[in-house]
Amino acid sequence: MATSDNKLIQVKDLKKYYNGESIKALDGVSVDINKGDVMVVIGPSGSGKSTFLRSLNLLEEPTSGTIIFEGTDITQKKGPDGKKLNIDLHRQKMGMVFQHFNLFPHKTILQNMTLAPVKVKGMSQEDADKKALELLGRVGLADRANAYPIQLSGGQKQRVAIVRALAMEPDVMLFDEPTSALDPEMVGEVLDVMKKLAQEGMTMVVVTHEMGFAREVGSRILFMADGKLLEEGSPDAIFNHPQNPRLQDFLSKVL
Amino acid sequence: MNFATIGQNIVKLTAKYWDKFLLTGMGYTLSLAAITVAVGAILGALIAFMRMSKIAPLRWIASIYTEIIRSGILAVDIGQTEAARSLGMSHRLTMTQIILPQAIKNILPALGNEFIMIIKDTSLASTFFIGDLMTQVLVVKGATYLTIEPLIMVAVIYFALTFVLTKLLGVFERRLRRGDVR
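No experiment lies behind these values; they were computed from the predicted model shown.

Caption draft 1: Representation of the overall build of chain B. Looking only at helices and strands, chain B has 6 helices and 0 strands in total. The C-alpha atoms of chain B give 22 Å as radius of gyration, which overshoots the globular expectation for 182 residues (16 Å, by more than 25%). Taken over the C-alpha atoms alone, chain B extends approximately 75 × 40 × 25 Å along its principal axes. Counting over 182 residues, chain B shows a buried share of 39%. Sequence-distant contacts in chain B: of pairs separated by 6 or more residues, those separated by 24 or more amount to 70%. Accessible area for chain B stands at about 10,400 Å²; split by element, carbon and sulfur atoms hold 70% of it. When the 18 basic and 10 acidic side-chain charges of chain B are each reduced to a single mean position, those positions are 4 Å apart.

Caption draft 2: Structural detail: the sheet that holds strand S8 (residues 203–207) of chain A. All names here are of chain A. If you trace the 6 strands from one edge of the open sheet to the other, you get S6-S7-S8-S3-S9-S10, paired in mixed fashion. Each of the sheet's edge strands pairs with one partner strand only, and the pair in question is strand S6 (94–97) and strand S10 (228–233). Across this sheet, the average inter-strand angle for adjacent strands is 20°, counted without regard to direction. Here 4 bridges tie S6 to strand S7 (residues 172–176), and the two strands are oriented parallel to one another. Paired with Met96 across the bridge in S7 is Leu174. Together, strand S3 (38–42), S7 and S8 form the strand contacts of helix H6 (residues 184–199), whose direction differs from that of S8 by roughly 145°.

Caption draft 3: Structural context of helix H1 (residues 49–56) of chain A. Counting buried positions along H1 of chain A gives 7 out of 8 residues, so the element sits mostly inside the fold. Along H1 of chain A, the residues classified as buried are Lys49, Thr51, Phe52, Leu53, Arg54, Ser55 and Leu56 of chain A.

Caption draft 4: Summary view of a nonpolar patch on the surface. Residues and elements named next belong to chain B. Taken together, the side chains of Ile35, Val39, Ile42, Leu43 and Leu46 define a hydrophobic patch exposed on the protein surface, amounting to about 480 Å² of accessible area. Inspection of the secondary structure assignment puts Leu46 in helix H1 (residues 3–52). For Leu46, a relative accessible area of 47% translates into the label partly exposed.

Caption draft 5: Focus on the sheet that holds strand S1 (residues 7–18) of chain A. Residues and elements named next belong to chain A. Within the open sheet, the 4 strands sit side by side as S2-S1-S4-S5. Their pairing is antiparallel. Every interior strand has two partners, whereas the edge strands, strand S2 (23–34) and strand S5 (72–73), have only one. Examined bridge by bridge, strand S4 (residues 64–69) and S5 share 2 bridges and lie antiparallel to one another. The residue bridging Phe69 from the neighbouring strand is Thr72, located in S5. Along the sheet face, H1 touches S1, S2 and S4 and points at about 60° away from the line of S2.

Caption draft 6: Looking closely at the pattern of salt bridges. Residue and element names in this part refer to chain A. Under the counting rule described, the total for this entry stands at 16 salt bridges over all chains. For Arg220, the salt bridge identified is with Asp37, shortest N-O distance 2.6 Å. One end of the pair, Arg220, is in strand S9 (residues 220–225); the other, Asp37, is in the loop between S2 and S3, and 183 residues separate them in sequence. Each of the two residues, Arg220 as well as Asp37, counts as buried.

Caption draft 7: Main features of the environment of Gln76 of chain A. All names here are of chain A. One can find Gln76 in the loop between S5 and helix H2 (87–91). When its relative accessible area of 42% is taken as the criterion, Gln76 is described as partly exposed. When the C-alpha atoms of Gln76 and Leu152 are compared, they prove to be 40 Å apart, with 76 residues separating the residues in sequence.

Caption draft 8: Structural view of the interface of chain A and chain B. With 26 residues of chain A at the contact, the number on the chain B side is 21 residues. Buried area between chain A and chain B, both sides added, is near 2,000 Å², and the carbon and sulfur share of it is 61%. At the junction of chain A with chain B, the criterion picks out 2 salt bridges. For the pair chain A and chain B, the interface holds 5 residue pairs in polar contact (both at pLDDT 80 or more). When grouped by side-chain class, the residues that make up the side of chain A that touches chain B number 15 nonpolar, 4 polar and 7 charged.

Parameters at a glance
- Counting from 1, residues in each chain are numbered in the order their sequence is written.
- Lettering for chains starts from A, numbering for ligands starts from 1, and both go in the order in which the items are written.
- Owing to the predicted nature of the model, reporting of local features is limited to residues with pLDDT of at least 70; listing and counting of side-chain atom pairs is limited to 80 or more, with chain, interface and lining totals taken over all residues.
- Each side-chain value is worked out from all heavy atoms of the structure, with water and hydrogens disregarded.
- Only runs of H or I of at least four residues qualify as helices and only runs of E of at least two qualify as strands under DSSP, and these elements are numbered from the N terminus.
- Taken over C-alpha atoms, the radius of gyration is set against a globule rule of 2.2 Å times the number of residues to the power 0.38.
- Accessible area is worked out with a 1.4 Å probe on protein chains only. A residue is then buried under 20% of its type maximum, exposed over 50%, and partly exposed in between.
- Contact criterion: two residues are considered in contact whenever any of their non-hydrogen atoms come within 4.5 Å of each other.
- Each accessible area value is a Shrake-Rupley result obtained with a 1.4 Å probe; residue values ignore everything except the protein chains displayed when judging cover.
- Under this rule, positive means Lys or Arg and negative means Asp or Glu; His and the chain ends count for nothing.
- Working definition for charges: the position is that of NZ of Lys, CZ of Arg, CG of Asp or CD of Glu.
- If DSSP finds at least two bridges between two strands, the strands pair.
- Note on geometry: axes are C-alpha line fits, over the in-contact stretch for helices, and angles between N-to-C directions span 0 to 180 degrees.
- Within the patch definition used here, like charges are joined within 9 Å and nonpolar side chains (Val, Leu, Ile, Met, Phe, Trp, Tyr) within 5 Å, considering only residues with over 30% relative accessible area and no salt bridge.
- Should a side-chain nitrogen of Lys or Arg be within 4 Å of a carboxyl oxygen of Asp or Glu, the pair is scored as a salt bridge.
- Joining two parts hides part of their accessible area as seen by a 1.4 Å probe, and the buried area is that hidden amount summed over both.
- Any pair of N or O atoms that falls within 3.5 Å is considered a polar contact. Within protein, one atom must be able to donate a hydrogen and the other to accept it, and sequence-neighbouring residues count only if both atoms are side-chain atoms.
- Three residue categories are used. Nonpolar comprises Ala, Val, Leu, Ile, Met, Phe, Trp, Tyr, Cys and Pro, charged comprises Asp, Glu, Lys and Arg, and polar comprises the others, including Gly.

Structure follows, in structure tokens:
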């Protein structure tokens, strides 16, 4: 399938309904995510922004609409070759970071990071260890490689979760409220890692309540409410010249 | 009934038949319980998987073991599955590497409790003269025409078995829990 080079994910008219049509978590969202975008999704709770993010790698199965990732419509049951679409292959290319870290408690930090590269990508344990240690070094946690998740602080856990996803060498990183479960003094260390990642050119989609991060690091801001994408623009446009009354109201409450 | 006589009889029976109670009877009782729990757990695990699968036909088969194992698996935080799947791990890999190792912690203590329950239930097997503790009561009764004494003796053994195992299980469970909430 031919796509313009720059478009990494194309979302078209994405809908997610619960209970028939009584709850519309996503109500027709369309957006293109380009390579190098740092797309920050903001909006009140229950606006559908997490559902939107979790739909991108099909952790939530959309009711209708299409998601074209690197040229493949991953919402189809069958791939372009006519065989059953293997979502695992596409998920390898989409790293995800969760609000509650979701590190594997029975495995060490190093094992957390090397499990998928070894078992899924077929990397040798030696290479995977080397890469994991290098990544841990970049977030200042090389000395914790053999610790278990329970021995880390929240901020450390989330930094590990980020490099665990990076160890798969994804083309895009999805962040689902990565600092919402952290103690306030640990928010900074996680945002710093994300900022560094953005500066290195990683394509990122970030659902967050951190308006400072959105304004400073975001390249495009999406404002969602009631399952709809109500406004989209540069940080300057969104924060300094908001058009939609819902957005104006939201910003007056959070800023 | 004369308690002094019962006491003396128990002392005599202990001297003469201790091996029947402590070796043969207890051996059979524990093996029976272990086999029952093991077979139940293996069958239960298979059925638990079937019940959670999308294939309907076998879902109606249920037992205490499927429930123990199923709830043990379901008790593992859904975030663990999501994290594993988001890394591109298959359903099978997620199960074997991430979910089951954590589910074991929930399953083993419950299986232990089941084992202790079954120890008591194995007394029913004496109906078929299988060799367990209650069978030994019948053996001794047949040889000596004494009833209450061998019953008291196996009652003490049953109590000791379940009491000791319950305590051991408690220790084991606390050790498992120690590594939790990482």
